[in-house]
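The residues making up each chain are set out below.
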Amino acid sequence: LITGSSPGLGKSFISKNLGAVLANAGQRIVIIDADLRRGHLHEYSGLPRGAGVSDLVCGQVDVFGALRSTLVDNLDIISTGAVPPNPSELLLHERFAQMIDEVSKQYDHVLIDSPPVLAVTDAAVVGRLAGASLLVVKAGSNPMREIEVSVKRLRQAGINLRGVLFNDVMKIGSRYGAGKYVYQYTYTKSK
């Protein structure tokens with residue numbers, strides 16, 4: 001499970017890129033967009049929303065009807081599908097848990113891109129089905145209190161929080177050299 005405390009931290013960006021790195025290493029990866037309210041993982045892959053999680057849980061498609069290939073070999077996604085009026089209820093449905101169980105047998109890793117912890121209860125619902133959870137923190141955006149409350153909520157829900165992913169960290173410089181020659185690089189964020 002990949003989640004964050006609030007919207008706009010780059011959860012989907014990290015999910016997609018982590019999936020691509022693992023897929024390029026030869027692993028079979030599927031990313032599930034479980035942000036049924038505002039999910040947009042399909043856009044990163046240049047795909048239309050199409051059938052996805054909500055359609056699968058409602059029984060309109062099976063797992064194979066929801067799986068979509070991406071341009072990255074070994075990387076598939078399951079989009080949110082149609083935006084439902086009752087996202088939390090759908091994520092609590094046994095078909096959602098069955099879907100995760102089914103794809104877990106077919107893929108080396110299943111990444112679940114979830115909604116923010118503090119905005120809705122969905123991350124806690126989905127996190128119980130995940131073997132491990134990671135909290136995305138964006139440099140300069142998250143007050144420490146917000147991170148603390150997020151961690152507390154995840155732990156209270158029984159979520160196995162395994163670590164924190166720092167996003168948008170700016171590298172301010174590095175140097176290396178041999179003998180009297182020293183090279184220095186600095187990176188700045190372009191506007």
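Colleague: I would appreciate a short explanation of the packing of aromatic side chains in the present structure.
Modeller: Each aromatic ring pair is summarised here by two numbers: the centre-to-centre distance and the angle between the ring planes. A complete count under the given rule lists 0 aromatic pairs for this structure. Positioned above the aromatic ring of tyrosine 107 is the side chain of arginine 28, whose terminal nitrogen or guanidinium carbon lies 4.5 Å from the ring centre.

Colleague: Honestly, the pairing of strand β4 (residues 75-78) in this entry has me stumped. Any pointers?
Modeller: Looking along a regular strand, one sees the side chains alternate between the two faces of the sheet. Here β4 shows a buried face lined by Leu75 and Ile77 and a second buried face lined by Asp76 and Ile78. Pairing of strand β2 (residues 29-33) with β4, which is carried by 4 bridges, proceeds in the parallel orientation. Within the sheet, the bridge partner assigned to isoleucine 31 lies in β4 and is isoleucine 77. When strand β3 (residues 67-69) meets β4, the two strands line up antiparallel, connected through 3 bridges.

Colleague: When you look at the pattern of salt bridges in this model, what are you seeing that I'm missing?
Modeller: A side chain with one charge can pair with a side chain of the opposite charge if their charged atoms come near. Counted under the stated rule, the structure contains 3 salt bridges. Salt-bridge contacts for aspartate 122 lead to arginine 37; the nearest nitrogen and oxygen are separated by 2.3 Å. Taken as a pair, aspartate 122 in helix α7 (residues 122-127) and arginine 37 in the loop between β2 and α2 (41-44) lie far apart in primary sequence, 85 residues in all. We classify aspartate 122 as buried; its relative accessible area is 0%. One salt bridge in this structure joins glutamate 148 and arginine 145, with 3.8 Å as the shortest N-O distance. A residue pair is termed a helical-turn pair when its members lie 3 or 4 positions apart in one helix, as glutamate 148 and arginine 145 do in helix α8 (residues 144-156) at 3 residues. Given a relative accessible area of 57%, arginine 145 falls into the exposed group.

Colleague: Would you mind showing me how to read helix α6 (residues 94-106) here?
Modeller: Every α-helix winds through 3.6 residues per turn, so residues three or four apart in the chain are directed the same way. Between the first and last C-alpha of α6 there are 19 Å, a value that for 13 residues agrees with the 18 Å anticipated at 1.5 Å per step. Considered for burial, the residues of α6 that qualify are Phe96, Met99, Ile100 and Val103. For α6, the buried positions fall inside an angular range of 95° around the axis, keeping them on one side. Pointing more than 90 degrees away from the buried face of α6 are the exposed residues Glu94 and Lys105.

Colleague: Explanation requested: the confidence of the model for the protein in the structure shown.
Modeller: Caution is warranted with low-pLDDT regions, since their predicted coordinates should not be read in detail. For the protein, the mean per-residue pLDDT works out to 86, and 90% of the residues sit at or above 70. Within the protein, no element has a lower average pLDDT than strand β9 (residues 181-185), which sits at 54, and none a higher one than strand β5 (residues 109-113), at 96.

Rules and cut-offs
- Residues numbered from 1 in each chain as written.
- Predicted model: local features only at pLDDT ≥ 70, side-chain atom pairs only at ≥ 80, totals over all residues.
- Heavy atoms only, no water.
- Phe/Tyr/Trp six-rings, centres within 6.5 Å; stacked < 30°, edge-to-face > 60°.
- Lys NZ or Arg CZ within 6 Å of the ring centre and 35° of its normal.
- Buried < 20%, exposed > 50% of the residue type's maximum accessible area, 1.4 Å probe, protein only.
- Helix = DSSP H or I, 4+ residues; strand = E, 2+ residues; numbered from the N terminus.
- Pairing = 2+ DSSP bridges.
- Salt bridge = Lys/Arg side-chain N within 4 Å of Asp/Glu carboxyl O.
- Expected span 1.5 Å × (residues − 1).
- Arc of directions from axis to C-beta.
- pLDDT = per-residue confidence, 0-100.

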